[in-house]
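Results of the structural survey
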Amino acid sequence: MRSSPLPRMSRRGRVTVGVLIGVFLLFTLMGWAVEVWTDWLWFDEVDYTQVYTGVLTTRILLFFAIGLAMAVVVGGNLYLAYRLRPLLRPHSAEQATLERYRMVLTPRIGTWIAVLSVIIGLFAGLSGQSRWRDWLLFRNSVPFGAKDPEFGIDVGFYVFEYPFWRYLLGVGFTAVVLSVLGALAVHYIFGGVRLQGIGDRMTAAARAHLTSLVAVFVLLKAIAYVLDRRALLLEQDPPNLYGAGYADINALLPAKEILAYISVVVAIAIIVFSNAVMRNLVWPGVSLALLAISAVAIGGIYPWAVQTFEVNPSVRDKERDYIERSINATRDAFGITDTKMTGFSAGNLRPPAELATDQSVVPNIRLLDPELVSQSYTQLQQVRGFYDFGQKLDIDRYTVNGKTQDYVVGVREINYSRLTAQQGNWLNRHTVYTHGYGLVGAPANEVVCGGQPYFVSGFLGDDQTSEDCASQAERIAVEQPRIYYGERVGGGQQGADYAIVGQTDPERNVEYDRPTGGGDDQGINYTYTGQGGVEIGSFTRRLLYGIKERESNFLLSDAVNSNSKLLYVRNPRDRVEKVAPFLTMDGDPYPAMVDGRIVWILDGYTTAGTYPYSQRVNLQTETADELTNVGTFQLARENVNYIRNSVKATVDAYDGTVKLYEFDETDPVLKAWNKAFGGDLVTPKSQIPPELSAHFRYPADLFKVQRNLLARFHVTDPGEFFNGSDFWEVPNAPDAPDSGVKQPPYYLLTQFPEQNEPRFQITSAVTPLGRQNLAALISGSYVDGKPQLQVWELPDQTAVQGPVQVHQRMTNTNAQIRQDLNLLSSNQAQVLYGNLLSLPFGGGMLYVEPVYVKSNQENAYPVLQKILMSYGDGGSYVVLANNLEDGIKELVAQGKVGAPPPPETGGGNNPPQQPPNLSGQQLTPELAAAADKVEAAWAEVKAARAAGDFEREGRALKAFDDAMSEFQSAMDAAQRPGNGNGNNATPAPTATATPPPASPSPTPGGG
């Protein structure tokens, strides 16, 4: 009797393996069940179970549908290959070698095929379930109402249907390739395909099976060519645009159609020639070779020839229509078509007298920088070390005593990383320090008490400071000031994402609420009474969350009782992303007081990456600037060519209630998602409370994307766009131009030219590409509840300075200002610059830049000390004032007397000296060396001025001052008695009092 080729496992071994597999499956399934159950409870708490069930059901169905389809196709072909095996095989060394494998596989061939099919189906199912977004959009697609310019197909096909069709085609290719490989392996093992021996190398059955699979692959390729014709409208074209160009439309597009027909013919030829006519693989192989040659010649060489010999010699004229398509599609897809373009000459260089009486721009000039004053808020309003305001505060507007103005607002949150070792144990961390307290606000245009913000809200008690330093009463009154949900209490901090609240004894309050003004141990306690949170009073719930959090205290601690609730996923951005996983969230949530409660307002974007002819951008790259990850969230590396701010979301800071409000009523993508989840996922725009809409602001990340695109796509003429001579770019941060980071946009409540009243708007300056002078100002705001982009474009022939140039001129050119700034900074302090605001006013440009001073002492915070102001070209009229009012008066005074004398550029109290004339005089070696340095430094000053490089000029002037000081020291040493020179010492030259000529204004388009 022949022995089994594989040794049998003992009974004990089989039991051990079975137990290990059972334990593994138990823990795997238990972990999955815990996640599913707790997720259901969380979604039930926020009342969005339709999202959870919809996504979960879709993923499960796709898992089984794609996995089962892949398993059936591959497994069916493996079994068919086994059934088509020859009963008799010629004797050969090859077949003798394969016999041992046949002996292993044949007794349990069904089991082997099933196991392999299940493994393949498992991976295919995992891939399929991740495509739930594509499937839901495919199933719930709605018309876009716009057609592509080539085929006249509704854009909805590309956005909703094309991605899923492409995925299904990929699944088909994968299934056929795996089937061919698997069937070939089975045919070879069981003798249907042979490499040795007499007779045919392949049986008729094996040949029919394998060639049929190859024919199916070629037919799928034909379908791929059809989809490729549509995909041409989504790919990048040589002029650095997206969409099909001249060569694509006139050469590659017909080539794809011809190749589709050829593929169908080749598929038929493979089946006919290999099984019905010649019954060999020669002609099928020839057919495949011809298809490959055709793909190279028709699909590659011919389009290349058209591009090289027809398009490139006159690319501007040939691509004109297609450039126009890309311009129009990009402007439509990114919502910049209706941008209002306004000419602004900025020709007035003299400060107008109406600056002193203006009531629309000047009173609303923002002085507080939300990044710098966050440190002031932390030090002045922190009270306890575990409170935190974050790295950057937010700008919002409130109406107080009938006056609407900007306020810098922040919430006093718990920062778990700042708890001491004693405070940070599990009980304190999760049951005592559960929330923050207060919305702290200060007017954005007012400072008190030596440069501090004037706080008007968010006080912890009645023991405020004097009226001069803070308001004695809450001006932004909040009925429920507690912060259980915020940016600092949830998210990325390990073990800090959940809080356990609720008590059975109404007299026993254990949650630390706020200090009373005494020592660190004194404070008021509180018990949460909100509707938010998952109830965990039962033993089952405590066990469930004990397993989820891997924490035994859920079962052992007395702090968890029958009234306990668990608050988790407390970061507002994470909370909305979990409720609406199809949205891309803006990186800067902000708090607002709405109807007496603190709510977080978040902007949600619907995006797509398959809008025909639209420019594709990377959200992470386009939104990065100086403030990225400084109190904001960095967006993911998502490539999109369509975006809409379709949703305004809110999260209640006290009970965590999440609401999604429709903001863009025309967005087809949001309509599709709303349809996918029952039709009532988002609240209609008409039902947005007026108190909430009053705090809506143009989202920063969307504005950055649109601003960057407008830098190119404000040019609508295809010929000018091709030349690229009028493109813009965002300038670098004015106070750090060499850092390579872009200047962030800033929010202002102000009135720009042709606006009827002050608006709350986000604004950014742009400069010509590769230059630093000002090209335009771009603003985004809401008018009657609808977004409006507006551009104030300067004429090409003007040379108004841009932000980097203005900052350099204000801080480096004027000697007195430079001296005053140097006095502010020392070894004990440093000067920090706030937002440089570019404000069009009176036919010219008004620039305002706050100057902060921060001591180097521990726990010091920046204090607003001075305000830099300039009007005109940034150099003629410049003041460094103690406050805004004084600065305006001084600018107006300068304007009345006309242009001031050329700015002094020397250091110290004396005007800068020109190089001394030492010709004909006898010099000591030391004095000669010093004179050479002076001459070289002065040559560098003149060279910098000739080049119009103000930064270089500032460095050269400093070197010149140093050289003059060294020269003066050398002269003093030469004139001292006993220096060895006697009466031959060089006399001190008389320095001329005439200052060097002022720096010339930059030429149009210059740096």
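Located above this text is the structure these notes cover.
Owing to the predicted nature of the structure, the values given are computational and were not obtained by experimental measurement. (Residues numbered from 1 in each chain as written. Predicted model: local features only at pLDDT ≥ 70, side-chain atom pairs only at ≥ 80, totals over all residues. Heavy atoms only, no water.)

**Comments concerning unusual backbone geometry**
To be explicit about the condition: The secondary structure listing takes helices from DSSP runs of H or I that are at least 4 residues long and strands from runs of E that are at least 2 residues long, numbered from the N terminus. Only protein chains enter the area calculation, which uses a 1.4 Å probe; residues under 20% of their type maximum are buried, those over 50% are exposed, and those in between are partly exposed.
One non-glycine residue, Asp47, lies in positive phi territory at about 65°. Looking at the element boundaries, Asp47 is found in the loop between α1 (11-46) and α2 (49-83). Positive phi, normally seen in glycine, also occurs at Ala346, with a value near 55°. Within the fold, Ala346 resides in the loop between β3 (340-343) and α12 (373-381). Judged by its relative accessible area of 3%, Ala346 falls in the buried class.

**Examining the pairing of strand β33 (residues 863-871)**
Here is the rule we go by: Paired strands are those between which DSSP finds at least two bridges.
Buried residues dominate β33, accounting for 7 of its 9 residues. As judged from the 8 bridges shared by strand β32 (residues 844-855) and β33, these two strands associate in the antiparallel manner. Looking at the pairing, Tyr852 lines up with Leu864 of β33. The pairing of β33 with strand β34 (residues 877-881) spans 5 bridges and is antiparallel. Bridge pairing in β34 places Leu868 opposite Leu880.

**A closer look at the pattern of salt bridges**
Working definition: two side chains of opposite charge can pair if their charged atoms are close together. Quick note on the threshold: A carboxyl oxygen of Asp or Glu within 4 Å of a side-chain nitrogen of Lys or Arg is what we treat as a salt bridge.
Counted by the stated rule, this structure contains 28 salt bridges. With its nearest N and O atoms 3.0 Å apart, the salt bridge here joins Glu150 to Arg325. Remark: Arg325 occurs in helix α11 (residues 320-333) and Glu150 occurs in the loop between α5 (132-139) and α6 (155-189); sequence separation between them is 175 residues. Of the charged contacts, one joins Arg597 and Asp652 as a salt bridge, the two residues approaching to 2.7 Å between their closest N and O atoms. Taken together, the residues Arg597 in strand β20 (residues 597-608) and Asp652 in strand β23 (residues 642-652) connect sequence positions 55 residues apart.

**Looking at the packing of aromatic side chains**
Describing an aromatic ring pair means giving the distance of the ring centres and the angle of the ring planes. Filter applied, for reference: In this scheme Phe, Tyr and Trp rings, the latter by its six-membered ring, pair at centre separations within 6.5 Å, and the angle between planes marks the pair as stacked below 30 degrees, edge-to-face above 60, and tilted otherwise.
In total, this model carries 43 aromatic pairs according to the counting rule given. Taken together, a centroid distance of 5.9 Å and an interplanar angle of 80° make the contact between Tyr398 and Tyr407 edge-to-face. Of the two residues, Tyr398 and Tyr407, neither departs from the other in class, the shared state being buried. The interplanar angle of 65° and the centroid separation of 5.7 Å between the aromatic rings of Tyr545 and Tyr568 together place this pair among those described as edge-to-face. Taken as a pair, Tyr545 in helix α14 (residues 539-549) and Tyr568 in the loop between β17 (565-567) and α16 (572-579) lie far apart in primary sequence, 23 residues in all. For Tyr568, a relative accessible area of 5% puts it in the buried group. Three or more aromatic residues joined by ring pairs form one cluster here, namely Trp135, Phe138, Phe164, Trp165 and Tyr167.

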